[in-house]
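This is what each chain is made of:
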Amino acid sequence: LIVLGIETSCDETAASVIKNGTIILSNVVASQIESHKRFGGVVPELASRHHVEQITIVIEEALKEAGITLAELDAIAVTEGPGLVGALLVGVNAAKAIAFANNIPLVSVHHIAGHIYANRLIKEMTFPLLSLVVSGGHTEIVYMEEHGEFKVIGETRDDAAGEAYDKVARTLNLPYPGGPHIDRLAHEGTPTIDLPRAWLEEDSYDFSFSGLKSAVINTLHNAAQKGISIDSKDLAASFQDSVIDVLVTKTVRAAKEYNVKQVLLSGGVAANKGLRKALEEAFKQLPSIELVIPPLNLCTDNAAMIAAAGSVLFEKGKRSSLALNANPGLDIESF
Ligand code: ATP
Ligand code: MG
Ligand code: FE
């Protein structure tokens, strides 16, 4: 089974060829970070334009690196949503054009399902499982009883974890995207500053990060007013501690309650060194649950994860019509 994956939901133009659902033959990512950096975030119009310029080159490169011709493809998997509509449209239209011209089946994929399936490129999935999804736009705990079936048991009520990282980074004058910079600073500092942890209702698996973000901003403002200097390393360490404490505690509790066999870490914030380490330590105490953490390049946006999810959906019989449209608000439970 040879599947071409295409991903253009945000600021990475990506294409990848996957064999039998798990073997990466190529994984090409053209990042636009350098273009968006000076604006401090992703500019949607700019993203679409870059995708248009890059998409053909990236797809051709992925096929060439894999040594695969269009005739050898069994399916084309593409991100339908969620994401920026103008960005998604570029990938969807490229996928439809290639599928139509070469008579190849088309399979649409939910971007977050892709993030979760990045794990299958590392380890076969065993059900039931939970995935902690932490990315630029999402923070959720997803329960899966079988392939392609997703149930969100908890999600953020305000900011996503990655969003909080990027906003805190901005107040510390760090470049976009701020996650990796905060992560690095956090390891150089000590968590000496008292910041809130939003546990919400006792039995809730939901998250909230906007209060924490405001607390960081207030801490900086108050210190500036009093003329006290705050060590940004200690502030980063305290912020990271608070985020990780809540993420890990809720994931462990959910894993026990749902009696899962595996816990998969997914999304761009899964690249966070502190989070990876804290989860590893927590699940060492629970040897009956297997923790899977993808390598960094499979945590951030890529098309191998889209092809991996697409391969499974294709084998389950899913086919998308050539009338497929981008869906920026696509729901993971019903896509
Ligand atoms: P979504 O997947 O929700 O649609 P997205 O695709 O924009 O959003 P990803 O590419 O999955 O998000 O992740 C990007 C986010 O990951 C950014 O917010 C970035 O700051 C964060 N991130 C990347 N590396 C790290 C790190 N080491 N520590 C913390 N955050 C990180
Ligand atoms: Mg991105
Ligand atoms: Fe993503």
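Residues numbered from 1 in each chain as written. Chains lettered and ligands numbered in written order. Predicted model: local features only at pLDDT ≥ 70, side-chain atom pairs only at ≥ 80, totals over all residues.

The name given to the protein in an unreviewed UniProt entry is tRNA N6-adenosine threonylcarbamoyltransferase, and the organism recorded there is Heyndrickxia shackletonii. Per UniProt, the comment on the protein under Catalytic activity (unreviewed entry) is "L-threonylcarbamoyladenylate + adenosine(37) in tRNA = N(6)-L-threonylcarbamoyladenosine(37) in tRNA + AMP + H(+)". As recorded by UniProt, the Subcellular location (unreviewed entry) comment attached to the protein reads in full: "Cytoplasm". (UniProt positions renumbered as here; feature names shortened; annotations may be inferred.)

Enquirer: Please give an account of the overall build of the protein that cites residues and values.
Expert: Helices and strands together make up the secondary structure of the protein, namely 11 helices and 10 strands. The principal-axis extents of the C-alpha atoms in the protein amount to approximately 65 × 45 × 30 Å. Burial statistics for the protein: of 335 residues in total, 51% are counted as buried. Long-range pairs, those at least 24 residues apart, make up 75% of the contacts in the protein between residues at least 6 apart in sequence. (Helix = DSSP H or I, 4+ residues; strand = E, 2+ residues; numbered from the N terminus. Buried ≥ 20, exposed ≤ 12 C-beta atoms within 10 Å, placed from the backbone. Contact = placed C-beta atoms within 7 Å.)

Enquirer: Lay out the sheet that holds strand β1 (residues 2-7) with the relevant residues and their values.
Expert: Strand order in the open sheet made by the five strands is β3-β2-β1-β4-β5, with mixed pairing throughout. Unpaired on one side and paired on the other, β3 (23-31) and β5 (106-110) mark the two borders of the sheet. With direction set aside, neighbouring strand axes in the sheet form an average angle of 20°. Sheet topology places strand β4 (residues 75-81) next to β5; five bridges connect them, and they run parallel. Within β5, the residue paired with valine 78 across the bridge is serine 108. Contacting β1, β2 (12-19) and β3, helix α2 (residues 44-66) crosses the sheet at an angle of about 20° to β2. (Pairing = 2+ DSSP bridges. Axes fitted to C-alpha atoms, helices over the stretch in contact; angles between N-to-C directions.)

Enquirer: Give a description of the nonpolar core that names residues and reports values.
Expert: One finds Ile6, Ile76, Ala77, Ala307 and Ala309 to be the most contacted residues of the largest nonpolar core, which totals 103 residues. Ranked by residues supplied to this core, first place goes to helix α8 (residues 232-257) with 10 residues. Once you skip the residues sitting within four places of it in the chain, alanine 77 turns out to touch Val3, Gly5, Val107, Val109, Ile306, Ala307, Ala309 and Gly310. (Core = buried A, V, L, I, M, F, W, Y, C linked by C-beta atoms within 7 Å.)

Enquirer: How would you summarise the environment of isoleucine 332 if you had to cite specific residues and measurements?
Expert: Of note, isoleucine 332 is situated in the segment after α11 (304-315). Excluding residues within four positions of it along the chain, isoleucine 332 makes contact with His110, Ile112, Ala113, Phe150 and Val152.

Enquirer: Give me the lowdown on the sheet that holds strand β10 (residues 290-292), citing residues and values where you can.
Expert: Pairing within the open sheet is mixed, and its five strands lie in the order β8-β7-β6-β9-β10. Bordering the open sheet on either side are β8 (151-155) and β10, each of which pairs with just one other strand. Taking the axes of each pair of neighbouring strands and ignoring which way they run, one obtains an average angle of 20° across the sheet. Here six bridges tie strand β6 (residues 129-134) to strand β7 (residues 139-144), and the two strands are oriented antiparallel to one another. If you follow valine 134 over to β7, its bridge partner there is threonine 139.

Enquirer: Pulling in residues and values, what's your account of the UniProt feature "binding site: substrate" (unreviewed entry) in the protein?
Expert: UniProt annotation of "binding site: substrate" (unreviewed entry) refers to Val133, Val134, Ser135, Gly136, Gly137, Asp166, Gly179, Asp183 and Asn272 when read in the numbering used here. Tracing the backbone through its elements, the reader meets glycine 136 in the loop between β6 and β7. For glycine 136, a count of 22 C-beta atoms within 10 Å corresponds to the buried category. Apart from the residues within four sequence positions on either side, glycine 136 is in contact with Ala160, Gly162, Glu163 and Gly268. Along the chain, the position of aspartate 183 falls in helix α6 (residues 179-188).

Enquirer: Can you tell me about the pairing of β8, naming the residues and giving the values?
Expert: Note: β7 against β8, four bridges, orientation antiparallel. Considered in β8, the bridge of glutamate 140 is made with glutamate 155. As consecutive antiparallel partners, β7 and β8 are separated by six residues, and within that stretch glycine 148 has a phi angle of approximately 75°, a positive value.

Enquirer: Let's hear about unusual backbone geometry: which residues, and what values?
Expert: The residue after phenylalanine 127, namely proline 128, is reached through a cis peptide bond having omega -5°. Among the structural elements, proline 128 can be located in the loop between α4 (111-117) and β6. Proline 177 follows tyrosine 176 through a cis peptide bond whose omega is -10°. Positive phi values are uncommon outside glycine, yet asparagine 20 reaches one of about 50°. Tracing the backbone shows asparagine 20 in the loop between β2 and β3. The residue leucine 200 is not glycine, and still its phi comes out positive at about 60°. Its place among the elements puts leucine 200 in the loop between α6 and α7 (210-226).

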